[in-house]
Amino acid sequence: MKSRVDKLLAGAGFGSRRDIKRVLRERTFCVNGVPCRDPSFHVDPEHDQFELDGENWAFRARIYLMLNKPAGVVTSTADPVHRTVLDLLEEPWRGSDVFPVGRLDIDTRGLLLLTNDGALAHRLTSPKTGVEKKYLADLELPVDDDLFAEYARRFSEGVAFHNGHNCLPAKLERASKRLALTIEEGKYHQVKKMFRVVGNRVIGLERVSMGPLVLDPGLPPGAVRELTADEITGLREAVGLVDPE
Ligand code: URA
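About the criteria used
Residues numbered from 1 in each chain as written. Predicted model: local features only at pLDDT ≥ 70, side-chain atom pairs only at ≥ 80, totals over all residues. Heavy atoms only, no water. Helix = DSSP H or I, 4+ residues; strand = E, 2+ residues; numbered from the N terminus. Buried < 20%, exposed > 50% of the residue type's maximum accessible area, 1.4 Å probe, protein only. Contact = heavy atoms within 4.5 Å. Near = heavy atom within 4 Å. Polar contact = N/O pair within 3.5 Å; in protein donor to acceptor, adjacent residues only side chain to side chain. Areas by Shrake-Rupley, 256 points an atom, 1.4 Å probe, with all protein chains shown as cover. Nonpolar A, V, L, I, M, F, W, Y, C, P; charged D, E, K, R; others polar. Domains from an automatic or database assignment. Salt bridge = Lys/Arg side-chain N within 4 Å of Asp/Glu carboxyl O. Pairing = 2+ DSSP bridges.

## With respect to the overall build of the protein
Here comes step 1: What the protein contains, in helices and strands, is 6 helices and 15 strands.
Here comes step 2: With the principal axes as the frame, the protein shows a C-alpha extent of 65 × 35 × 30 Å.
Here comes step 3: For the protein, the residues scored as buried account for 47% of the 245 residues in total.
Here comes step 4: Put simply, of all contacts in the protein between residues at least 6 apart along the chain, 64% involve residues at least 24 apart.

Right, here's the structure in full:
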């Protein structure tokens, strides 16, 4: 089936329409040996031959999905006991090669990115990239202003886990009845352990953002939607991946 070149390239992760115009202007994209600069040109991804900067380029659709993960499903591609986040996918994504980026505990809810863009996933989860993740936590013990100030100070200085790991500085804010903690790391049970260290206990946890990507408030728990072109571009730019390799 024929498709516009800009749609094809957007589906392959080249970014927004504006980005694609730039790619077509600044790089050499050939269709069946003929340079193509017109974003509205129609191509047949199954039969046409593509080259990018003189190299053969095989079209492979990149998929970027936002899931509002409910509690009770595991962040894994297969599990002998529990339902996994992939079990929540419906057509056309069911059975695709997407995988979860990072991990949320079985009882953690909220923003989970699923993609088959390995380079993006790698950068988003690499400790070197330091992408900020924001979590809203419900706590067992009430937190008055003095306690809040103490937690905020200790988190901003970087608390130490019992296993000796020193956490990077993190930001604590009030978010209505919950506390919002923004961290750059993704150690196992990171947020729960951080509150443990200061003497409290997380009884409910929801991730609401990862870098520039914010959980869509209109997405009910368990629902999935594709990222917009701007969201994809924002994520790629946040990790220094402007043009696909
Ligand atoms: N920190 C946690 O403790 N659990 C999560 O699921 C994510 C971050």
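## Quick word on helix 5 (residues 190–197)
Here comes step 1: With 6 of 8 residues buried, helix 5 is to be regarded as a mostly interior element.
Here comes step 2: Among the residues of helix 5, those classed as buried are Gln-190, Val-191, Lys-192, Met-194, Phe-195 and Val-197.
Here comes step 3: Phi turns positive one or two residues past the end of helix 5, at Gly-199, with a value near 95 degrees.

## A look at the site of the ligand
Here comes step 1: All residues in the neighbourhood of the ligand are listed as Leu-104, Asp-105, Thr-108, Tyr-135, His-189, Gln-190, Val-191, Lys-192 and Leu-205.
Here comes step 2: Thr-108 is positioned such that a nitrogen or oxygen atom in its side chain is 2.8 Å from an oxygen atom of the ligand.
Here comes step 3: Here an oxygen atom of the ligand and a backbone polar atom of Lys-192 are 3.0 Å apart.
Here comes step 4: Within the complex, 96% of the 230 Å² of free accessible area of the ligand lies under protein.
Here comes step 5: Top element by residues in the shell around the ligand is helix 5. It accounts for 3 residues.
Here comes step 6: Taken together, the residues that form the shell around the ligand break down as 4 nonpolar, 3 polar and 2 charged.

## Digging into the domain arrangement of the protein
Quite often, the size of an interface is put as the accessible area lost when its parts meet.
Here comes step 1: Structurally, the protein comprises domain 1 (3–57), domain 2 (64–127 + 213–238) and domain 3 (133–210).
Here comes step 2: Domain 1 and domain 2 are separated by 27 Å when their C-alpha centres are compared.
Here comes step 3: Facing 4 residues of domain 1, the contacting portion of domain 2 comprises 5 residues.
Here comes step 4: Scanning the region where domain 1 abuts domain 2 turns up 0 salt bridges.
Here comes step 5: Our count for the domain 1 to domain 2 interface comes out at 1 residue pair in polar contact (both at pLDDT 80 or more).
Here comes step 6: Split into classes, the residues belonging to the side of domain 1 that touches domain 2 amount to no nonpolar, 3 polar and 1 charged.

## Focus: the sheet that holds strand 3 (residues 34–35)
Here comes step 1: Spatial ordering of the open sheet is given by 3-2-5-6, a layout of 4 strands whose pairing is antiparallel. The sheet is open, and its two borders are formed by strand 3 and strand 6 (55–56), each paired with just one other strand.

## Here's the deal with the pattern of salt bridges
Here comes step 1: In the structure shown here, the tally under the stated rule is 18 salt bridges.
Here comes step 2: Across the pair Asp-6 and Arg-17 runs a salt bridge, and its minimum N-O distance is 3.6 Å. In this pair, Asp-6 sits in helix 1 (residues 5–11) while Arg-17 sits in helix 2 (residues 17–26), placing the two residues 11 residues apart along the sequence.
Here comes step 3: For Asp-6, a relative accessible area of 4% puts it in the buried group.
Here comes step 4: For Arg-17, a relative accessible area of 56% gives the class exposed.
Here comes step 5: The partner of Glu-173 in a salt bridge is Lys-134, and the shortest N-O contact between them spans 3.6 Å. Of this pair, Glu-173 sits in strand 11 (residues 171–175) while Lys-134 sits in strand 10 (residues 133–139); the two residues are 39 residues apart in sequence, bridging distant segments of the chain.
Here comes step 6: Overall, the relative accessible area of 28% leaves Glu-173 in the partly exposed class.
Here comes step 7: Classification of Lys-134 by relative accessible area gives partly exposed; the value is 26%.

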